[in-house]
Amino acid sequence: MKKALKILSLEDSTTDLEIIKETLEDYQLSAVVTNVKNRTAFIDILSKEEFDLFFIDFMLPGFTGLDAVKEIRKRNIEQPIIIISGTIGDELAIECIKAGATDYVLKNHMQRLITAINRALQEYETREKKKLAEAELTEYSHKLELLNQELLEKNRALDEANKKLQSLDAMKSEFIALASHEFRTPLTSIMGFTQTLLSEDLKLVDADRIQYLHVIDNESKRLSYLLNTLLDISNIERGALTLTKEVFNICKVIREVENTEHIPETVVLQIQPPDCSVRVFADRARIKQVIKNILENALQNTSRHGTITIMVFSNEHETHLAINNTGPVIPEDELEKIFSKFYRIRRPIRESSGSGMGLAVAREIIQLHGGKIWAESSSEQGTTFHFTIPVIY
């Protein structure tokens, strides 16, 4: 059973209203008709109730059908409006249609009312379906645009990740070649001097034997360092690098590293302040490794007659180490990259050395301590590596 149409009628003639109702009944059109007779009642009910259809008498004292149509449409009410009038000229009818009326019916041709109602409701339903379809299409288009944007972003992210992977793969390949060279050099020395010591044909004095043994010992330590670096990188990638913290004098550790490093006679190494004595709570062996890695980097890159300065600062919040060298400037866009695994600075003049792993390990160790590590470089100040260790007891 169809729901009864809810109709608002604006009609001041009781007789004409009854004719309208009888017409609806004659054609068995189920409808509930609410009638008002003036502008005030009309505007009042428009603000309170919703209707499926409007019947508007064109000729009312002080309030025309055209005025009523405009009142309906300015409220964004889109339901059909049928003008019902005793006499209405073509010009007025056209003006009403332009203002938003759906159709008009003359009172002496009421048999046409049902046809006008059916057509008006069908047009309204078609229009509403079209609006709904357009709204759905707009929503789908918007969703499609968002999905397309998301897809583009993911593609960009994928391209970026792919480029990084390709770059990392290239750096790994370079690292493998470099590591092979780094391992081969000490192995060659160890094998060569060992064969010399074992040779029965050569008669060596004790001084030469001791010298050769020192070379073997140093090259063995170098191999051990390289192997430990590789192990640290493996532990970093597995998240298995751990700390064993204790309280110790970091200045003493700096001097230990100084004594174990081979520092060329032409390079000046200084510690500031000279009588430095700062205690920290950290992993002693790991912090020593960080200082060693940064110092070796400085030795590899400082000028032949350069200076390396290790500065220690301390306050109630943190201990801050700065290791400066007078080597070539690091380009600004590489200052962050140098802490990445396998990354080595491209030197246009002098071939860079090192495995490209020491600074990556140093960064991981400092970050595990809750500290920060960074580098600064300029032609005036040289290159300075900084790291901090929070004061936590």
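Q: Help me understand the sheet that holds strand 3 (residues 53-57) in this model?
A: Note on sheets: strands pair through backbone hydrogen bonds, and any given pair is parallel or antiparallel. Ordered in space as 2-1-3-4-5, the 5 strands form an open sheet in which the pairing is parallel. The open sheet has two free edges, formed respectively by strand 2 (31-36) and strand 5 (103-106), since each of these has just one partner strand. Taking each pair of neighbouring strands and ignoring which way they run, the sheet shows an average axis angle of 20°. Relative to strand 5, strand 4 (residues 81-85) is paired through 4 bridges, and the arrangement is parallel. By the bridge assignment, Ile84 is partnered in strand 5 with Val105.

Q: Please clarify how the nonpolar core should be interpreted in this entry.
A: Generally speaking, nonpolar side chains in soluble globular proteins are found buried as a group. Core analysis: the biggest nonpolar cluster contains 43 residues, and Ile250, Ile291 and Phe387 have the highest contact counts within it. With residues up to four places along the chain from it excluded, the contact list for Ile291 reads Ile250, Val253, Ile254, Val257, Leu321, Ile323 and Phe387. Judged by nonpolar contacts, the second largest core, of 23 residues, contains Leu46, Phe63, Ile72 and Ala101.

Q: Honestly, the sheet that holds strand 10 (residues 318-325) in this entry has me stumped. Any pointers?
A: Across the sheet, 5 strands lie side by side as 7-9-10-12-11; this open sheet has mixed pairing. Looking at which strands have only one partner, the edges of the open sheet turn out to be strand 7 (268-272) and strand 11 (373-378). Neighbour-to-neighbour, the strand axes of this sheet turn through a mean angle of 15°, independent of strand direction. Pairing of strand 7 with strand 9 (residues 307-314), which is carried by 5 bridges, proceeds in the parallel orientation. Bridging across to strand 9, Ile271 finds its partner in Ile310.

Reading the values: the criteria
Residues numbered from 1 in each chain as written. Predicted model: local features only at pLDDT ≥ 70, side-chain atom pairs only at ≥ 80, totals over all residues. Heavy atoms only, no water. Pairing = 2+ DSSP bridges. Helix = DSSP H or I, 4+ residues; strand = E, 2+ residues; numbered from the N terminus. Axes fitted to C-alpha atoms, helices over the stretch in contact; angles between N-to-C directions. Core = buried A, V, L, I, M, F, W, Y, C linked by side-chain atoms within 4.5 Å. Buried < 20%, exposed > 50% of the residue type's maximum accessible area, 1.4 Å probe, protein only. Contact = heavy atoms within 4.5 Å.

Purely geometric numbers; function is a separate question.
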